[in-house]
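# A closer look at the structure
Given next are the chains, with one letter for each unit.
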Amino acid sequence: MGFKSERVIHEIHLQNPEEVISDLLLTNDDKWIITVGTAPGLLDCIRLWDFKKKKLSFTFERAHDGNISGLTLSNDNMLLISRSSTTFKIWDLSHSRCALTIHKAHRGEILSLALMSDNRFMITGSMDKTIKVWDLEAKKSVKTILNAHSATVIAFLFIKNDQTFISGSEDRSIKIWSFRDYKATHVFTQAHNSTISLLQLTKDDQTLISAADTTIRVWDLKKKILLHSFDQAHHYTINRILLTRDNKFIISGSDDKSIKIWDLTEKLNTVTFSQAHGNQINSIMITADSKYMISGGLDGSIRVWDLFQKRSILHYEDAADESIKRFFLMNNEQYLAIVCDGSL
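Our subject in this report is the structure included herewith. Residue numbers restart at each chain and count upward from 1, following the sequence in its written direction. It should be noted that, the model being predicted, local features are given only for residues of pLDDT at least 70 and side-chain atom pairs only at 80 or more, the latter also being counted only at that level, while totals for whole chains, interfaces and linings use all residues. Water and hydrogen atoms play no part in the side-chain values, which are based on all heavy atoms of the structure.

Before going further, it helps to spend a moment on the overall build of the protein. Where helices and strands are cited, they refer to DSSP runs of H or I of at least four residues and of E of at least two residues respectively, numbered from the N terminus. The helix and strand inventory of the protein stands at zero helices and 30 strands. By residue count, 55% of the 344 residues in the protein fall in the buried class. By definition, residues are in contact when any of their heavy atoms lie within 4.5 Å. Here the contacts in the protein between residues at least 6 apart in sequence split such that 36% fall between residues at least 24 apart. Where accessible areas are quoted, they stem from the Shrake-Rupley method and a 1.4 Å probe; at the residue level, only the protein chains shown are allowed to cover. Here the protein displays about 16300 Å² of accessible surface, and carbon together with sulfur accounts for 45% of that area. Note on classification: 1.4 Å probe, protein chains only; a residue is buried when its accessible area is under 20% of the maximum for its type, exposed when over 50%, partly exposed between these limits.

As structure tokens, this is what we get:
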């Protein structure tokens, strides 16, 4: 990790002073920063910024008829999927065009979406309790799983072989699905006591981490059993979970202003940063070498943590005037791009 000062090297200024940046993505090659812009009385736009040249490259004006609620980027950086209410659009970034628009993809708002690694198929989950499978080459839905859950489908994960996917729901269950026949091969009923919104997989696809409310649970996907439950892991709602690259530790951030580290082998909490920020934790990231952690909070600050020394080594107290929503490490972890309430 190379950034060691609080110096801002570049700030994006938008032509419309009322435009707010509501979301941000970074392509895997660090070439493009993708932002969603929202302004009063105008339809949301999607902008592509050239990181090296530090300038706007292209804008998809009036990208949706309503507010854009989420962005998903394909692994090869070729496709961008945006969703708004019951509509999703697929954008061909190499040709700067909209490749596909599906209106009324569901009867309820689309809240979850996952793209297969080869970009051929996509799955969507909705408030209408259904899961749909989309063939992106044929540009149509090939399967609708009615009543996939008894409540809103919140979270998705594809297992690496693309033959299995996992869903989490407001109905408190986790389901494992076969992509071959679109049937649930296993159901963890009452997996949590509240809505399941956070799912993470270990690199070997053998262990699933889920979080709901204040609880973190660890599941063995091969044996289909609960391995461990970290009950009351935090005092308030858990907003973020992630695994270290060696899959030995879980890191969680919460509304209670704390960040905690959990040892998966010993099944215990090893580190607690009790007042990590002045308000709820919105974002957490770990560097590639797992030596450092970066966190962002509702208080507009960013902290860099040394995970070996178990302490904060940098504090960007005024990183943003308002809440830090999301950030990304760029250019071999030399730079940090952040999006807050209104700017980048």
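A separate point is the sheet that holds strand 23 (residues 259-263). Judged by pairing direction, the sheet is antiparallel, and its four strands sit side by side in the order 21-22-23-24 without closing on themselves. Lying at the two open borders of the sheet, with one neighbouring strand each, are strand 21 (238-243) and strand 24 (268-273). If you compare each strand with its neighbour and ignore which way they point, the axes differ by 20 degrees on average. Where strand 21 lies against strand 22 (residues 249-254), five bridges are found, and the strand directions are antiparallel. Each bridged residue has a counterpart across the sheet, and for Leu243 the counterpart in strand 22 is Ile250. Strand pairing requires that DSSP identify at least two bridges connecting the strands. Angles here are taken between N-to-C directions and fall from 0 to 180 degrees, while the axes themselves are lines fitted to C-alpha atoms, restricted in helices to the stretch in contact.

For the rest of this paragraph, the subject is the packing of aromatic side chains. Note on aromatic contacts: the rings of Phe and Tyr and the six-membered ring of Trp form a pair at centre separations within 6.5 Å, being stacked when their planes are under 30 degrees apart, edge-to-face when over 60 apart, and tilted otherwise. Tallied over the entire structure, the rule returns 13 aromatic pairs. Ring plane angle 70 degrees and centroid distance 5.5 Å describe the contact between Phe121 and Phe179, whose orientation is recorded as edge-to-face. Taken as a pair, Phe121 in strand 10 (residues 121-126) and Phe179 in the loop between strand 15 (174-178) and strand 16 (184-188) lie far apart in primary sequence, 58 residues in all. For Phe121, a relative accessible area of 17% corresponds to the buried category. The structure contains a cluster of three or more aromatic residues connected by ring pairs, namely Phe121, Phe156, Phe158, Phe165, Trp177, Phe179 and Tyr182.

Turning to a positive patch on the surface, a few remarks are in order. Together, Lys31, Lys52, Lys53 and Lys55 make up a positively charged patch on the protein surface. Inspection of the secondary structure assignment puts Lys55 in strand 4 (residues 55-60). Judged by its relative accessible area of 47%, Lys55 falls in the partly exposed class. Like charges within 9 Å and nonpolar side chains (Val, Leu, Ile, Met, Phe, Trp, Tyr) within 5 Å are joined into patches, using only residues over 30% in relative accessible area that form no salt bridge. Every case where a carboxyl oxygen of Asp or Glu lies within 4 Å of a side-chain nitrogen of Lys or Arg is listed as a salt bridge. For the purpose of charge, His is not counted, nor are the chain termini; Lys and Arg are scored as positive and Asp and Glu as negative. Think of each charge as sitting on NZ of Lys, CZ of Arg, CG of Asp or CD of Glu.

Read across the open sheet, the four strands follow the order 25-26-27-28; overall the sheet is antiparallel. Taken across any chain shown, the strands that pair with only one partner, and hence form the sheet edges, are strand 25 (281-286) and strand 28 (311-316). Along the sheet, successive strands turn relative to each other by an average axial angle of 20 degrees, direction set aside.

A few words now on the pairing of strand 8 (residues 97-102). By the bridge criterion, five bridges tie strand 7 (residues 87-92) to strand 8 in an arrangement that is antiparallel. For Trp91, the partnering residue across the bridge sits in strand 8 and is Cys98. In textbook terms, the turn of a hairpin is the stretch between consecutive antiparallel strands, and for strand 7 and strand 8 this stretch comprises four residues, one of which, Ser96, has a positive phi near 50 degrees.

To continue, consider the pattern of salt bridges. Following the criterion strictly, the structure yields four salt bridges and no others. Between Arg97 and Asp92 there is a salt bridge; the shortest N-O distance is 3.8 Å. Residue classification places Arg97 among the partly exposed positions, given a relative accessible area of 42%. Here Arg120 ties to Asp135 by a salt bridge, and the two come within 2.8 Å at their closest N and O atoms. Of the two residues, Arg120 sits in the loop between strand 9 (110-115) and strand 10 while Asp135 sits in strand 11 (residues 131-135), which places them 15 residues apart along the sequence. Linked through salt bridges whose partners overlap, the residues forming this network are Arg120, Asp135 and Glu137.

What follows covers the pairing of strand 5 (residues 70-73). Two elements, strand 5 and strand 6 (residues 79-84), share four bridges in a ladder whose sense is antiparallel. Bridge assignment links Gly70 to a residue of strand 6, and that residue is Arg83. Counting the residues in the hairpin turn of strand 5 and strand 6 gives five residues, including Asn77, whose phi is positive at 65 degrees.

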